[in-house]
Amino acid sequence: MSIRFRKDRDWWLVDTVWPDGLRTKVKMPDETTAKRINKKIEVATVDEERIWKKLRLELRLEGGVLQGLSEFADFYYENYVLSHNRAAKSKKSRLGILKAHFSSLPIDSLTPRHIDKFISARSKTVENSTINRDLSVLSHMYEWAVKRGYLDINPLSRIDLME
């Protein structure tokens, strides 16, 4: 856990890696609040009753930002792909494309509009079948995140594949 001040943005950031491996970044208006929240997180993660899950949800609702899609893609690759896929090299390549396109987007902010922009950008250079494979990898990553409790819904569940 760490606290740092972002001079260019004028806010404090509490950066936390939770016991289950998820990383969150919570923006705070001042140093006092950041230190208070950081202490609260430290106490919650030591507690065996798993109150840290409730605290993480509260912080997310109060304006905390789950890690970016790029960081979550790395987490997904390390914790799922390497142990479950025979074609890990192919999936890593597709995740690299997705990370490049969605690099600054928080994992819980993906919308159908973002997917439409991705499709229009990719369709200029590749076939529809390639875009479908990229979307399948992204959808599976989100479904995995939902099953593990990192997200509430999979925004790609209603997206149609290319024809």
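From a predicted model like this one, the values you see are computed outputs, not experimental measurements.

## Some remarks on the overall build of the protein
In terms of helices and strands, the protein carries 6 helices and 4 strands. Along the chain direction, N to C, the helices and strands of the protein fall in the order β-β-β-α-α-β-α-α-α-α. Considering the protein as a whole, with its 163 residues, one finds that 39% of them fall into the buried category. Here the analysis covers contacts within the protein between residues at least 6 apart in sequence; of these, 54% occur between residues at least 24 apart. A total accessible area of about 9,800 Å² is found for the protein, and carbon and sulfur atoms account for 49% of it.

## Considering the packing of aromatic side chains
All chains considered together, the criterion is met by 7 aromatic pairs. With a centroid separation of 5.5 Å and an interplanar angle of 65°, the aromatic rings of Y76 and W144 are classed as edge-to-face. Residue Y76 is found in helix α3 (residues 69-84), and its partner W144 is found in helix α6 (residues 128-147); the two are separated by 68 residues along the sequence. Between the aromatic rings of Y80 and W144, the centroid separation amounts to 6.2 Å while the plane-to-plane angle is 50°, which identifies the pairing as tilted. Residue Y80 is found in helix α3, and its partner W144 is found in helix α6; the two are separated by 64 residues along the sequence. A relative accessible area of 16% places Y80 in the buried class. Members of the aromatic cluster, each reached through a chain of ring pairs, are F72, F75, Y76, Y80 and W144.

What counts and what doesn't
Residues numbered from 1 in each chain as written. Predicted model: local features only at pLDDT ≥ 70, side-chain atom pairs only at ≥ 80, totals over all residues. Heavy atoms only, no water. Helix = DSSP H or I, 4+ residues; strand = E, 2+ residues; numbered from the N terminus. Buried < 20%, exposed > 50% of the residue type's maximum accessible area, 1.4 Å probe, protein only. Contact = heavy atoms within 4.5 Å. Areas by Shrake-Rupley, 256 points an atom, 1.4 Å probe, with all protein chains shown as cover. Phe/Tyr/Trp six-rings, centres within 6.5 Å; stacked < 30°, edge-to-face > 60°.

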